[in-house]
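Structural overview
Chain residues, written in single-letter form:
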Amino acid sequence: MSAAKSLLIELGTEELPPKALDELAGAFARGICDGLARRGIDAGLDAARTFATPRRLAVHIPAVAKTQPEQTIERRGPAVSAGLDANGQPAKALVGFAQSCGVEVDALERLETDKGAWFVYRSVKPGQPVAALLPEIVAEALKALPIPKPMRWADHDYSFVRPVHWLVMLHGSEIVDGEVMGLVSGRKSRGHRFMRPQPIHVVDADSWEDALLAAKVIADPAARRDRIRDEVARVAAQTGGVPRLEDALLDEIANLTEWPVAIACTFEREFLAVPPEALVTTMEANQKFVPVFDADDRLTEHFIGIANVESHDPAEIRKGYERVIRPRFADAKFFWDEDLKTPLAGYQEALKNVTYQQSLGSLWDKTVRVAELSRVIASRVGVDAGAATRAASLAKCDLLTRMVGEFPELQGVMGRYYASRQGEPAAVADALDSFYQPRFAGDAIAADVVGQVVAVAERLDTLAGIFAVGLKPSGSKDPFALRRAALGLARTLVEAGLELDLQAAFAEALELLPEAALAAGIRPAKDSQPVPFDAGARRAALLRELHEFVLDRLRGYYAERGFDSQSFEAVLAVAPASLADFDRRLRAVADFSRRPEATSLAAANKRVANLLRKQAEESGAAVASVVVDASRFELPAEHALADALAAADRDNAAAWAERDYGRVLERLAQLQPPVDAFFDSVLVNADDAAVRANRLALLARLKDQFSAVADIALL
């Protein structure tokens, strides 16, 4: 085995897209490591380090052998029975196989298998030097990068995410000769574009990172992030404020800079009259600046810019940052002042001119449907129906404001500000923002009850409408984000504890849809005869699809929270009407399943279910679950189980009234001894038909008590 040395590969480019840089760098490193592994090259792949800056992708692997190991070649030829003729002489197929391997027939070996004997050719091929394989490995890794829109430059016939300028490939201190995308490899890297623009001589793979550091390039993305945090904290301390550096902004700044330096800046205090979310959005999203807050979490006039240069005159950079942000803030203030001149309700008429979906009408049509659903839902869950209806009627109005037109991500936020300033009740104003929650994975649901109601109504209408017109998700495609809407609906109902019959709510949402929308989603098969449209049947079919779609999202929601699938299916089997009730049952069943009695009782319930099903199949009728005649009991175990069931039923009356399913199952768990004793001493299928029916009825009562919570037999 040849001595292992560090391997460095660096591809220099024009500035790479910052939001894609981390993914590109990771994919490049994986591609190099996978390429080495496929060729059997000994390398410490687990220790590989990924580097990336705006102008380079690089990977460093600390221990890579100089030579590929010997390659054992084995080719299977014809079966012995087919390779030899009746006289034992080589047949034409065997001769041809030997010639293709470049040997005589006598050089072939035989391979014995359980399916017979075969001729094989075996040889050992010397391993190639890594230096000879690396250009191909690099080219493969680059070709496999996730680049949605590669570009071409000059008159080259190759393409990449950005034009490439230099290539460093070093194995230890030796240059790995090769050419990739027209670049001949060498040991010349490049430092910071402005502070150290001269080529950098790299001595060996291990000194590359330090050589770049000396040239004002921090090649390690994690180290750049640490420096940005330190720089922001240092500058923020000078302002006396608290910086807000979100992870997404930190990542983007790190991928825009090679030598980040923080600059303290300020803007005119008059702009603080604008809602802070608008100012923060333009700072973070448009300019990549870090906002600064005071100790009470109020936005201040300070902000921090991150320069990609260590300037001799940072004041000039500060002036530039302040100059570029001023017109954007002026626009935001203009939008805010102008939007306040029109009441939110004044935009309702204009919503009629904005198409939501061709068959579902305008945004105003959707608003009317959601408002009606909100009224009905609010009445059912005990929320102020007037506030919910008002909030739903205003929910889409801020989409037509100047501010949201400029900053679409502020929809809802600006609705809340405008409604509050224009005298709407706090419950209505807050709901205009909160009903969008959860906006993304991990986001909380709406905290206010009116927002929760509108959130549910909005998602019910969206799901019902888009399913109706035949645009439900297909495979990985979900252009209307219906999976997210369904999960948001389920989470709101569960986490807010809203007692709402989900199927009934979907039925109402479907009733509110125009009949044209229901018909639009029907795709007749080719060459089929037209079938008269049946709106009722169409709604019934959609209702089943929608309910199952939400339950599928709910299944994933609970799986992520550690609930096992058996507990979920046990509750699903009894079809609770509300998801809040589903949640209570599931938590009770999950706790019950961890009790020592659970396994025995689940097995008993499964046995009971099988007995009852068999009896029903034989008799053609279900076993009566309430008529149990104690006078027909023949054994003490029958009396004991009947008495235990009656006692449990009495004891659980209060728990059932409070829907305390945990207490119900805890009491039912005490039935294990009489249940076990019953099956140990009682023959259910007695010869006497009346005795047998009575025993089955007793078991049906046992099953009913457990199945009232969940199908315990499925645990």
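Everything quoted here is computed from the prediction, not taken from an experiment. (Residues numbered from 1 in each chain as written. Predicted model: local features only at pLDDT ≥ 70, side-chain atom pairs only at ≥ 80, totals over all residues. Heavy atoms only, no water.)

1. Considerations on the layout of surface pockets
What counts, and what does not: Only protein atoms enter the calculation, which uses a 1 Å grid: trapped sets of points that fit a 1.4 Å probe without letting it out are cavities, open sets showing protein on both sides within 12 Å along at least five of seven lines are pockets, and any residue with an atom within 4 Å of a point is a lining residue. Grid points are joined across faces, edges and corners, and a volume is the space filled by probe spheres set on the points. A helix here means a DSSP run of H or I that spans at least four residues, while a strand means a run of E at least two residues long, and both kinds are numbered starting from the N terminus. Think of it as three bins: nonpolar holds Ala, Val, Leu, Ile, Met, Phe, Trp, Tyr, Cys and Pro, charged holds Asp, Glu, Lys and Arg, and polar takes everything else, Gly as well.
By volume, the largest pocket amounts to about 760 Å³. Residue lining of the largest pocket: 23 residues in total, with Q411, Y436, E458, R459 and R484 positioned closest to the centre. Elements that contribute at least two residues to the lining of the largest pocket include exactly α11 (363–381), α16 (449–468) and α17 (482–495). Counting residues per element, the lining of the largest pocket draws most heavily on α16, which supplies 4 residues. Split by residue class, the lining of the largest pocket holds 13 nonpolar, 2 polar and 8 charged. Its boundaries defined by the atoms lining it, the second largest pocket holds a volume of some 600 Å³. Along the wall of the second largest pocket there are 18 residues; nearest its centre are R244, E246, V280, T281 and E284. Elements supplying a minimum of two residues to the lining of the second largest pocket: α7 (247–254) and α8 (276–286). Take the lining of the second largest pocket: its biggest share by element is 6 residues, from α8. Taken together, the residues of the lining of the second largest pocket break down into 8 nonpolar, 1 polar and 9 charged.

2. Some remarks on helix α27 (residues 672–681)
As a reminder, the rule being used: A 1.4 Å probe rolled over the protein chains alone gives each residue an accessible area, and that area as a share of the maximum for its type sets the label: buried under 20%, exposed over 50%, partly exposed in between. The arc under discussion is defined with respect to the helix axis, by the directions toward the C-beta atoms. Contact between two residues is taken to exist if any of their heavy atoms lie within 4.5 Å; hydrogens are not considered.
Within the span of α27, buried status applies to P674, V675, F678 and F679. Angular distribution of buried residues about the axis of α27 spans 130°; they occupy a single face of the element. Exposed and facing more than 90 degrees away from the buried side of α27 are P673 and D680. Along its buried surface, α27 packs onto α23 (598–619), α24 (636–651) and α28 (689–707).

3. Things to note about the sheet that holds strand β13 (residues 242–243)
The condition that has to hold: Here the rule is simple: two strands pair whenever DSSP picks up at least two bridges between them. To obtain an axis, a line is fitted to C-alpha atoms, over the contacting stretch when the element is a helix, and the angle between two such axes runs from 0 to 180 degrees between their N-to-C directions.
Here we have 4 strands laid out as an open sheet, ordered β13-β15-β16-β14, and antiparallel in their pairing. Each having just a single partner strand, β13 and β14 (261–266) make up the two edges of the open sheet. Sheet topology note: the β13/strand β15 (residues 290–293) ladder contains 2 bridges and is antiparallel. Paired with V242 across the two strands is F293, which belongs to β15. Relative to strand β16 (residues 299–307), α8 is tilted by about 5°, and along the sheet it contacts β15 and β16.

4. Here we look at the nonpolar core
Among soluble globular proteins, nonpolar side chains are generally buried collectively. Rules: Put simply, a nonpolar core is a bunch of buried Ala, Val, Leu, Ile, Met, Phe, Trp, Tyr and Cys residues held in one set by side-chain atoms that sit within 4.5 Å of each other.
Ranked by internal contacts, the top residues of the largest apolar core, which has 144 residues, are M283, M403, L460, L463 and L554. Per-element accounting of this core gives the leading share, 12 residues, to α16. Those residues in contact with L460, other than ones at most four positions away along the chain, are L373, I377, L489, L502, A505, F506 and A509. Listed in part, the 39 residues of the second largest apolar core include A27, L36, V138 and V161.

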